[in-house]
Amino acid sequence: MSNQEKFKYISNFITYNKVKTKTELLELLKKYEGILSSSMIEYLNSLIELDFSVIKNEISKTDRKALSELDIYNQVSIYNIYYRTLNILKKENYQYNIISNENKYPGLDFSLPLNNHYINLFNFHYDTSK
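**So, the nonpolar core**
Right, so step 1: Within the largest apolar cluster, 29 residues are counted, with the highest numbers of intra-cluster contacts made by Tyr43, Leu44, Leu47 and Leu67.
Right, so step 2: Residue assignment for this core shows that the elements contributing at least two residues are helix H2 (22–30), helix H3 (38–48), helix H5 (71–91) and strand S2 (107–114).
Right, so step 3: Here Leu47 is in contact with Phe52, Ser53, Val54, Tyr73, Val76, Tyr79 and Asn80, once residues within four sequence places are set aside.

**Regarding the packing of H3 against H5**
Right, so step 1: At their nearest, the axes of H3 and H5 sit 8 Å apart, and the two run at 30 degrees to each other. With respect to H5, the element H3 is oriented roughly parallel. Every pair of crossing elements has a handedness; the one defined by H3 and H5 is left-handed. Taking contact as the criterion, the partners of Tyr43, Leu44, Leu47 and Ile48 in H3 are, on H5, Ile72, Tyr73, Val76, Tyr79 and Asn80.

**Observations regarding the environment of Ser111**
Right, so step 1: Locating Ser111 in the fold gives a position in strand S2.
Right, so step 2: Classification of Ser111 as buried rests on a relative accessible area of 8%.
Right, so step 3: Excluding residues within four positions of it along the chain, Ser111 makes contact with Tyr96, Asn97, Tyr118, Ile119, Asn120 and Leu121.

**Points about the sheet that holds strand S1 (residues 97–99)**
Right, so step 1: Pairing within the open sheet is antiparallel, and its three strands lie in the order S1-S2-S3. Single-partner strands in this sheet number two, and they are S1 and strand S3 (117–125). The mean inter-strand angle of the sheet, taken between neighbouring strand axes irrespective of direction, is 20 degrees.
Right, so step 2: Inspection of the sheet shows S2 paired to S3 by eight bridges, in the antiparallel sense. Bridged to Asp109 within S3 is Asn123.
Right, so step 3: Against the sheet, H5 makes contact with S1, S2 and S3, and its axis sits at roughly 20 degrees relative to S2, the strand it touches most.

**So, the pairing of S2**
Right, so step 1: Bridging between S1 and S2 involves three bridges; their strand directions are antiparallel. Bridge assignment links Asn97 to a residue of S2, and that residue is Ser111.
Right, so step 2: What sits between the antiparallel neighbours S2 and S3 is a turn of two residues, in which Asn115 has the positive phi angle 50 degrees.

**Brief notes about the side chain of Asn101**
Right, so step 1: The residue Asn101 is located in the loop between S1 and S2 in this model.
Right, so step 2: Classification of Asn101 by relative accessible area gives buried; the value is 10%.
Right, so step 3: At 2.8 Å, the side chain of Asn101 forms a polar contact with the backbone nitrogen of Val19.

Conventions we followed
- Residues numbered from 1 in each chain as written.
- Predicted model: local features only at pLDDT ≥ 70, side-chain atom pairs only at ≥ 80, totals over all residues.
- Heavy atoms only, no water.
- Core = buried A, V, L, I, M, F, W, Y, C linked by side-chain atoms within 4.5 Å.
- Buried < 20%, exposed > 50% of the residue type's maximum accessible area, 1.4 Å probe, protein only.
- Helix = DSSP H or I, 4+ residues; strand = E, 2+ residues; numbered from the N terminus.
- Contact = heavy atoms within 4.5 Å.
- Axes fitted to C-alpha atoms, helices over the stretch in contact; angles between N-to-C directions.
- Parallel < 35°, antiparallel > 145°, perpendicular 65-115°, else oblique.
- Left-handed = near helix turned anticlockwise from the far one by under 90°.
- Pairing = 2+ DSSP bridges.
- Polar contact = N/O pair within 3.5 Å; in protein donor to acceptor, adjacent residues only side chain to side chain.

Here it is in structure tokens:
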């Protein structure tokens, strides 16, 4: 049994924090309409739509600081980083190994084969419980 097969078997018994879906985040965002400014709502929506990366300075420092106090910003940021990265990794035509939420894994790991082993190239671990 390969390591990935073992992990899949074991993961059936592990609970984990998965990245919220696009639908879940859009529903959550509706609850903030009338509370947040329209520019903040538009910014969060653009992050959910993966229009740009959360690390780009698309909003003011003041707005970013205010949003950083909200759980929705944490959830949207995780979603944005996770899916933008996953989309980039899946575009490449490498023989690779990706362990993700599909494997009940609370993160995103990307590795390439080398001499009957895998070399880990990227890790993104998150905590959605905050």
